[in-house]
Amino acid sequence: MTKLPKKVRIVEVGPRDGLQNEKQPVDTDTKIQLIERLTQAGIQYCEAGAFVNPKWVPQMAGSDDVFNRIARDPNVVYAALVPNLKGFERAVAVNASEVAVFCAASEAFTQKNTNCSIDQSLERARDVINAASAANIPVRGYISCVVGCPYEGEITPEKVSYVAEKLLAMGCYEISLGDTIGVGTPASVVAMLQHVLTVVPVETLAVHFHDTYGQALANILAALQIGVAVIDSSVSGLGGCPYAKGATGNVATEDVVYMLNGMDIETGVDLQTLITTGHWICDQLGRQSASKVARALSG
Ligand code: HMG
Ligand code: MG
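None of these values were measured; they are calculated from a predicted model. (Residues numbered from 1 in each chain as written. Chains lettered and ligands numbered in written order. Predicted model: local features only at pLDDT ≥ 70, side-chain atom pairs only at ≥ 80, totals over all residues. Heavy atoms only, no water.)

A. Focus on the overall build of the protein. Summing up its helical and strand segments, the protein has 12 helices and 10 strands in all. The C-alpha atoms of the protein give 17 Å as radius of gyration, which agrees with the globular expectation for 299 residues (19 Å, within 12%). Projected onto the principal axes, the alpha-carbon positions of the protein cover approximately 45 × 45 × 35 Å. Each of the 299 residues in the protein was classed as buried or not, and the buried ones make up 56%. With an accessible surface of roughly 12,100 Å², the protein has 50% of that area assigned to carbon and sulfur atoms. Side-chain charges in the protein split into 23 positive and 31 negative, and the spacing between the mean points of these groups amounts to 4 Å. (Helix = DSSP H or I, 4+ residues; strand = E, 2+ residues; numbered from the N terminus. Rg over C-alpha atoms; globule rule 2.2 N^0.38 Å. Buried < 20%, exposed > 50% of the residue type's maximum accessible area, 1.4 Å probe, protein only. Areas by Shrake-Rupley, 256 points an atom, 1.4 Å probe, with all protein chains shown as cover. Lys, Arg positive; Asp, Glu negative; His and termini not counted. Charge placed at Lys NZ, Arg CZ, Asp CG, Glu CD.)

This is the structure we're talking about:
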């Protein structure tokens, strides 16, 4: 295998992407315990909540409380998802270490998810990035629907590059490319990545795969071989997007860490502690883990 990174940064999105789609309410104490357990397992970057309109995503309504009450490890980044300046101000008020703005490569998905066009969402992102830069707060940028959209079908790589180039030029330090509905295969993902790499350097890219069609690990391997060294994942494969019907959870962090351990790629995460955390949150939610590794190693 060529070009594999020696080290990968895991961006744990379970407390945000994982829990945002839960039908049942998840109380703040459970969210806090989840974040603390994840960081005890060695997670160094955790998306701990979202400051979006609580009417749109009720599960994230308590993010203020979560940020205020988590016991913070000084070596951990606690990031918050924000759609606009109002969200940014809420994130600053609770001392989020970083914020993430989110756009999509699909017009229809952007409308459903954020009630605006792609260009309007980029303008909102610009406002957040400018305010964050003045406050010395790093900003990560997400792009959803990078290979397929639940409303528009196939998405061309050009559309992804358009948004990626703009977000990077505005000042995002990293662009996370999201296969929101998990339809990509290594072929479509590599084609998309190669196009994006004509406008954005590989050091600034992360990948964010949902495992709806069971393609996530294969797609991650393809991205690693291109040199991407930041992977978003969710403990136990929790999650989905409320505005992408049928989307299952992100790739399970346990499965990613198992694969990277086997490839001698460092993550800093302790697999066994992570598996215990995954079982604990699944017990709280009354469900089975979607991580094959967690099930295999606990059977
Ligand atoms: P809108 O309704 O067009 O907003 O929503 P508005 O500016 O017209 O304001 C309407 C009301 O919302 C006002 O309150 C605002 O104050 C309030 P009112 O006057 O009616 O009482 N409001 C807010 N309240 C709290 N926090 C805020 C905020 N902003 C406005 N930040 C908006 C536009 C973008 C806010 C809305 O569409 C929204 O919140 N969308 C969020 C959707 C979401 O969270 N989706 C899931 C996350 S994205 C994802 O999961 C994909 C990802 O994982 C990658 C991948 O997998 O692809 C990242
Ligand atoms: Mg997602």
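From this point, the discussion proceeds with the structure in view.
B. Structural context of the environment of Ala 290. Here Ala 290 lies in the loop between α11 (271–285) and α12 (292–296). Along the sequence, Ala 290 and Gly 227 sit 63 residues apart, while their C-alpha atoms lie 27 Å from each other. Discounting residues that sit within four places of it in the chain, Ala 290 has contacts with Ser 236, Gly 237, Asp 255 and Arg 295. (Contact = heavy atoms within 4.5 Å.)

C. How the structure looks around the environment of Gln 225. Examined against the element boundaries, Gln 225 turns out to sit in helix α9 (residues 216–226). A C-alpha to C-alpha distance of 35 Å links Gln 225 and Ile 32, two positions 193 residues apart in sequence.

D. Representation of the site of ligand 1 within the structure. Neighbouring ligand 1 are 26 residues; Gln 20, Asn 53, Asn 115, Ser 144 and Thr 180 lie closest to it. Contacts to ligand 1 include Val 52, whose backbone N or O atom sits 3.3 Å from a nitrogen atom. His 208 places a polar side-chain atom, nitrogen or oxygen, 3.0 Å from an oxygen atom of ligand 1. Starting from 1,100 Å² of accessible surface for ligand 1 in isolation, the protein chains cover 75%. Elements supplying a minimum of two residues to the shell around ligand 1: α1 (14–18), α4 (85–93), α5 (107–114) and β5 (139–144). (Near = heavy atom within 4 Å. Polar contact = N/O pair within 3.5 Å; in protein donor to acceptor, adjacent residues only side chain to side chain.)

E. The pairing of β5, seen in detail. Among the 6 residues of β5, 6 are classified as buried, and the element is accordingly described as predominantly covered. Residue alternation in β5 divides its side chains into two sets, Val 139, Gly 141 and Ile 143 and Arg 140, Tyr 142 and Ser 144, and both sets are buried. Sheet analysis places β5 next to strand β8 (residues 174–179), joined by 4 bridges and oriented parallel. Across the sheet, residue Ile 143 finds its bridge partner in β8, namely Leu 177. (Pairing = 2+ DSSP bridges.)

F. Here's a closer look at the environment of Gly 14. Looking at the element boundaries, Gly 14 is found in helix α1. For the pair Gly 14 and Gly 178, spaced 164 residues apart in the sequence, the C-alpha separation amounts to 15 Å. Excluding residues within four positions of it along the chain, Gly 14 makes contact with Leu 19, Ser 233, Ser 234 and Val 235.

G. Just the pattern of salt bridges, in detail. For the structure shown, the criterion picks out 9 salt bridges. Residue Glu 22 is joined to Arg 287 by a salt bridge in which the shortest nitrogen-to-oxygen separation is 2.8 Å. Of this pair, Glu 22 sits in the loop between α1 and α2 (28–40) while Arg 287 sits in the loop between α11 and α12, and the two are 265 residues apart along the sequence. Of the residues examined, Arg 287 reaches a relative accessible area of 37% and is grouped as partly exposed. Where salt bridges share partners, they join Arg 9, Arg 140, Glu 174 and Asp 232 into one cluster. (Salt bridge = Lys/Arg side-chain N within 4 Å of Asp/Glu carboxyl O.)

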